[in-house]
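# Inside the fold
As a plain string of letters, each chain reads:
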Amino acid sequence: MYINSTGYYIPQARIPNDYFTPINGLTDEWIVKRTGISTRSRAGEGEGHNSMGFAAVDDALKTLPYDIKDIDLIVSASYSPYDTVATLAHELQRRHDISDMKAVYASSACSSFVNGLEIVEGYFAMGKAKKALLVCSEHNSYYANESDPKCGHLWGDAAVAFFLSVEPQAADEPQILAVHTLGLGNVGRGPEGVKLRPKEDGIMMPDGRDVFINACHHMIHALNAVTEPFGLTPSTLDYIICHQANKRIMMQVAHQLELGEEHFLSNIEELGNTGSASAALVFAQNRGLFTHGQNIGLSVFGGGYSEGAFLIRI
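An account of the accompanying structure is given in this report. Since the structure is predicted, the reported quantities are computational estimates derived from the model, not experimental observations.

Looking now at the overall build of the protein chain. Helix and strand counts for the protein chain stand at 10 helices and 13 strands. Its C-alpha atoms give the protein chain a radius of gyration of 18 Å, within 12% of the compact-globule value 20 Å for 314 residues. Along the first, second and third principal axes, the C-alpha set of the protein chain runs to 50 × 45 × 35 Å. When each of the 314 residues of the protein chain is scored for burial, the buried share is 57%. Sequence-distant contacts, at least 24 apart, represent 77% of the contacts inside the protein chain between residues at least 6 apart. When the accessible surface of the protein chain is summed, it comes to about 13000 Å², and 48% of that surface belongs to carbon and sulfur atoms.

Position of S235 among the secondary structure elements: in the loop between α7 (208-227) and β11 (239-242). Residue classification places S235 among the partly exposed positions, given a relative accessible area of 32%. Considered as a pair, S235 and P174 are 61 residues apart in the sequence and their alpha carbons are 20 Å apart. Discounting chain neighbours no more than four positions away, the residues touching S235 are L257 and L259. At a separation of 3.0 Å, a polar atom in the side chain of S235 contacts the main-chain carbonyl oxygen of L257.

Okay, the packing of helix α3 (residues 49-61) against helix α4 (residues 88-95) next. It is at 10 Å that the axes of α3 and α4 come closest, and there the two elements cross at 55 degrees. One element, α3, and the other, α4, form an angle in the oblique class. Of the two elements, α3 crosses α4, and the hand of that crossing is right-handed. Together, H49, N50, G53, F54, V57 and D58 of α3 and L88, E91, L92 and R95 of α4 make up the contact between the two elements. Residues of the contact of α3 with α4, tallied by class, amount to four nonpolar, three polar and three charged.

Turning our eyes to something else, we now look at unusual backbone geometry. Between G304 and Y305 the backbone carries a cis peptide bond, its omega angle lying at -10 degrees. Although it is not a glycine, D100 sits at a positive phi angle of roughly 55 degrees. The topology assignment puts D100 in the loop between α4 and β5 (102-106). Overall, D100 belongs to the exposed group, its relative accessible area being 77%.

A few words now on the pairing of β11. Residues Y239 and I241 point to one face of β11 and I240 and C242 to the other, with burial holding for every one of them. By the bridge criterion, four bridges tie β11 to strand β12 (residues 295-302) in an arrangement that is parallel. By the bridge assignment, I240 is partnered in β12 with G297.

Bringing the packing of aromatic side chains into the picture now. According to the stated counting rule, one finds eight aromatic pairs in the structure shown. Ring centres of F162 and F283 lie 5.9 Å apart, and the angle between their planes is 45 degrees; on these two criteria the pair is classed as tilted. Taken as a pair, F162 in strand β7 (residues 157-165) and F283 in helix α10 (residues 278-285) lie far apart in primary sequence, 121 residues in all. Since its relative accessible area comes to 0%, F162 is described here as buried.

Another aspect to go through is the environment of A103. By the secondary structure assignment, A103 is in strand β5. Note on A103: relative accessible area 22%, which makes it partly exposed. The spacing of A103 and N115 is 12 residues in sequence and 15 Å in space, taken between C-alpha atoms. Filtering out sequence-adjacent residues up to four positions away, A103 remains in contact with I74, A89, H90 and Q93.

Here we take up the pattern of salt bridges. Enumeration over the complete set of coordinates arrives at seven salt bridges. Residue R95 is joined to D58 by a salt bridge in which the shortest nitrogen-to-oxygen separation is 3.1 Å. Placement of the pair is R95 in helix α4 and D58 in helix α3, with a sequence separation of 37 residues. Taking the shortest distance from any N to any O, the salt bridge between D207 and R189 comes out at 3.6 Å. Of this pair, D207 sits in the loop between β10 (203-204) and α7 while R189 is found in the loop between β8 (175-183) and β9 (195-196), placing the two residues 18 residues apart along the sequence. Residue class for D207 comes out partly exposed when judged on its relative accessible area of 24%.

To continue, consider the nonpolar core. Judged by nonpolar contacts, the single largest core of 43 residues is most densely connected at I240, I249, V253 and F264. Looking at this core, the elements with two or more residues in it are α7, β11, α8 (247-257) and β13 (306-313). When residues of this core are assigned to their parent elements, the largest contribution, nine residues, is made by α7.

Cut-offs and rules
- Residues numbered from 1 in each chain as written.
- Predicted model: local features only at pLDDT ≥ 70, side-chain atom pairs only at ≥ 80, totals over all residues.
- Heavy atoms only, no water.
- Helix = DSSP H or I, 4+ residues; strand = E, 2+ residues; numbered from the N terminus.
- Rg over C-alpha atoms; globule rule 2.2 N^0.38 Å.
- Buried < 20%, exposed > 50% of the residue type's maximum accessible area, 1.4 Å probe, protein only.
- Contact = heavy atoms within 4.5 Å.
- Areas by Shrake-Rupley, 256 points an atom, 1.4 Å probe, with all protein chains shown as cover.
- Polar contact = N/O pair within 3.5 Å; in protein donor to acceptor, adjacent residues only side chain to side chain.
- Axes fitted to C-alpha atoms, helices over the stretch in contact; angles between N-to-C directions.
- Parallel < 35°, antiparallel > 145°, perpendicular 65-115°, else oblique.
- Left-handed = near helix turned anticlockwise from the far one by under 90°.
- Nonpolar A, V, L, I, M, F, W, Y, C, P; charged D, E, K, R; others polar.
- Pairing = 2+ DSSP bridges.
- Phe/Tyr/Trp six-rings, centres within 6.5 Å; stacked < 30°, edge-to-face > 60°.
- Salt bridge = Lys/Arg side-chain N within 4 Å of Asp/Glu carboxyl O.
- Core = buried A, V, L, I, M, F, W, Y, C linked by side-chain atoms within 4.5 Å.

Take a look at the structure:
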């Protein structure tokens, strides 16, 4: 499957670390040392899950080589929706007045984008769709509990959109060679590792150490799963993009793979943890960096737990 166009939206507001000191007692020095985050993106007045998703799609439309009405599938992937009934996929169908298409919502914590990608791959393989839009919008600040010293300071807001097709629609389109996901609910803390129960509290991470250990292991495991069929290894990839949960996780993955940090692309220092949008967002932000023939591996770990990865050849 091929990437026809990508787009993204990042709110303008940046929340500095010292904002949290009077709220949860954490200092700028402590947050930078433990997470690598200096600021995080924050949706502004009137912005939210849907509006950010709309803006990411509008951005992708600037380079889309066909009419959006040609798509026959929209998958919205997220764990922070505005409405769990009227999903972003259906809102986009209405906004662009697209008939005779499928609309699906996928949620698997921070691996939601990759799970959504696998859903698109499945529809393509079954012959039930030929062109698709995968959109991921995370309005973390809508659900975050800022007073929680374990994770209230991590979250950023952003959205990303990929238009995808079975066959290439223009010259030199990146190709997605493989997609891999696994549920890991029976591993470690599993469903209790990271949770969001809106009527009880905000996004919570009771045991960050368990998340850290499993994320480091399973992001490498997922990368192995998508590279091995092509005679590659994670260490031979030109670039690796990890889920932007914690810069220390990325550094540990780099250490285990014996790779320098220059092989890893990141935006966590400025944007914070933008959830399941994060890895795909880094790819979209860096489209101009990649050159013909390069292999890019994107790997994620989601609370719940779950792993996911996909391999892109430029």
